[in-house]
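Given next are the chains, with one letter for each unit.
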Amino acid sequence: MKALSIWQPWAWLILHGGKDIENRSWPTQQRGIIAVHTGKKFDQEGYDFVRAEWPEIQMPKTYEFERGGIVGTVKIVDCVKQSGSPWFFGPFGFVLKDPKAIPLQAFRGRQGFFTYPWR
């Protein structure tokens, strides 16, 4: 199964907060279900932005986010250059559907899409 590493809190927002776009600087032809990997890095500026823009989303405290492994799956259904989603910032957006959270499965990530030996 292909996997994509996404910093927290963005991975959590995909799986629990209704984030339906993953923004990237590069396009993809990848479609279908992928594993959502979260690295050890945390985007504090992004966390603060989401708290300010969407105060109704009750995110965990920064130290409570799972990091360093596979945390769920999501289906990529398209790659777009524009979108009406409030989560789109471009220049490319991977359109996401059907997020499913799973318990953390520790695994070292990589840049771009990588193969994860699904268990």
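Let me begin by describing the structure that accompanies this report. Each chain has its residues counted from 1, following the order in which its sequence is written. Totals for whole chains, interfaces and linings use all residues, but because this is a predicted model, local features are given only for residues with pLDDT of at least 70 and pairs of side-chain atoms are given and counted only at 80 or more. As a rule here, side-chain values cover all heavy atoms of the structure and leave hydrogens and water aside.

### Quick look at the pairing of strand S3 (residues 32–38)
Residues in a regular strand point their side chains to alternate faces of the sheet.
Phase 1: Relative accessibility under 20% of the residue-type maximum defines a buried residue, over 50% an exposed one, and the middle range a partly exposed one, all with a 1.4 Å probe and only protein chains included. Put simply, DSSP H or I for four residues or longer makes a helix, DSSP E for two residues or longer makes a strand, and each gets a number counted from the N terminus. Of all 7 residues that make up S3, 5 are buried, and the element is covered over most of its length.
Phase 2: Direction of pairing for strand S1 (residues 2–5) relative to S3: parallel, over a ladder of 3 bridges. Bridge pairing in S3 links Ser-5 to His-37.
Phase 3: With 7 bridges connecting them, S3 and strand S4 (residues 69–80) associate as antiparallel partners. What sits directly across from Gly-32, in S4, is Ile-76. At least two bridges found by DSSP between two strands are what make those strands a pair.

### Some points on the packing of aromatic side chains
Phase 1: Put simply, two rings from Phe, Tyr or Trp (the six-membered ring, in Trp's case) pair if the centres are within 6.5 Å, and we call them stacked under 30 degrees between planes, edge-to-face over 60, tilted for the rest. Under the counting rule described, the total for this entry stands at 12 aromatic pairs.
Phase 2: Seen from their ring centres, Trp-26 and Phe-113 are 5.8 Å apart, and the 85° between their planes marks the pair as edge-to-face. Residue Trp-26 is located in the loop between strand S2 (21–24) and S3, and its partner Phe-113 is located in strand S6 (residues 113–115); the two are separated by 87 residues in the primary sequence.
Phase 3: Judged by relative accessible area, Trp-26 falls into the partly exposed class, the value being 28%.
Phase 4: Each ring, one from Phe-42 and one from Tyr-47, has its centre 5.6 Å from the other, and the planes form 55°; the classification is tilted. Taken individually, Phe-42 and Tyr-47 each receive the classification buried, so the pair is uniform in this respect.
Phase 5: Among the aromatic residues, ring-to-ring pairing joins Trp-12, Phe-42, Tyr-47 and Phe-65 into one connected group.

### Some thoughts on the pattern of salt bridges
Phase 1: Think of a salt bridge as a Lys or Arg side-chain nitrogen and an Asp or Glu carboxyl oxygen that are within 4 Å of each other. One pass over the full model with this rule turns up 3 salt bridges.
Phase 2: A salt bridge links Arg-24 to Glu-22; the shortest N-O distance between them is 3.0 Å.
Phase 3: Here Arg-24 falls in the buried class, since its relative accessible area comes to 16%.
Phase 4: Residue class for Glu-22 comes out buried when judged on its relative accessible area of 8%.
Phase 5: Taken together, the shared-partner salt bridges connect Lys-19, Glu-22 and Arg-24 into one network.

### What to know about the sheet that holds S1
Phase 1: Sheet architecture is open: 6 strands sit in the order S2-S5-S4-S3-S1-S6, paired in mixed fashion. Two strands in the sheet have a free side with no partner beyond their single neighbour: S2 and S6. On average, each strand axis in the sheet is tilted by 45° relative to the strand beside it, whichever way the strands run. As a rule, the C-alpha atoms of each element are fitted with a line to give its axis, helices using only the stretch in contact, and angles between N-to-C directions run from 0 to 180 degrees.

Shape descriptors only; they carry no functional weight alone.
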